[in-house]
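Chain by chain, the residues:
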Amino acid sequence: MSEAAGVRDPRIPRDAMAGLAYFAVAFAAGFALGTVRVLVLIPRFGDPVAAVVLELPVMLTVCWVACRWLIARFDVPASFSPRLVMGGVAFATLMIAELGVSFFGFGRTPFAHLEQYRQLPALLGLAGQIAFAGFPIMQSAPRIRKEVG
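In this text the structure is predicted, and so the values were computed from the model without any measurement.

What counts and what doesn't
Residues numbered from 1 in each chain as written. Predicted model: local features only at pLDDT ≥ 70, side-chain atom pairs only at ≥ 80, totals over all residues. Heavy atoms only, no water. Phe/Tyr/Trp six-rings, centres within 6.5 Å; stacked < 30°, edge-to-face > 60°. Helix = DSSP H or I, 4+ residues; strand = E, 2+ residues; numbered from the N terminus. Buried < 20%, exposed > 50% of the residue type's maximum accessible area, 1.4 Å probe, protein only. Lys NZ or Arg CZ within 6 Å of the ring centre and 35° of its normal. Contact = heavy atoms within 4.5 Å.

(A) Geometry of the packing of aromatic side chains. Counted under the stated rule, the structure contains four aromatic pairs. Between Phe 23 and Phe 27 the ring centres are 5.5 Å apart and the planes differ by 35 degrees, which places this aromatic pair in the tilted class. In this pair, Phe 23 and Phe 27 are both assigned in helix 1 (residues 14–45), four residues apart and thus about one turn of the helix distant. Residue Phe 27 is classed as partly exposed on the basis of its relative accessible area, which comes to 26%. Stacked on the ring of Phe 45, the Lys or Arg Arg 44 has its end atom at 6.0 Å from the ring centre.

Printed below as a string of structure tokens:
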């Protein structure tokens, strides 16, 4: 990506910027799909687990495609460290944002927010978020293996 285009702050590594952009796409998609889950799927099926099971593949597909596009857009190297930074920044930012929404949007304490992870729908969502964090590495796995081996 060209710095002359004014898109990227040269003081922030491109892998971290890609992680922030990746978070933004995932958060926006998750907000939209979560709204559909709560307002349409849960009332229709009457089961939060079924609603998450229907939502999760769509969310992961959006994240996979966004990840691939952002890797190319930010020219993130195919080596392990930059991809780990991209996924780690995206995951950490997502977790902080979710805590913020839980606290400011729903009035939950941080402890109450963490308590949600004792329920299957939240655990499924967390598993999806962990996969989301690993996508940058997964998408470069063949290249990384060639570099290592």
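What follows continues from the structure just given.
(B) Geometry of the side chain of Gln 129. Its location among the elements puts Gln 129 in helix 5 (residues 120–138). Sequence-distant contacts of Gln 129, defined by excluding residues within four places in its chain, comprise Phe 91, Leu 94, Met 95, Glu 98 and Tyr 117.

In short, the description is geometric, and any link to function would need to be established separately.
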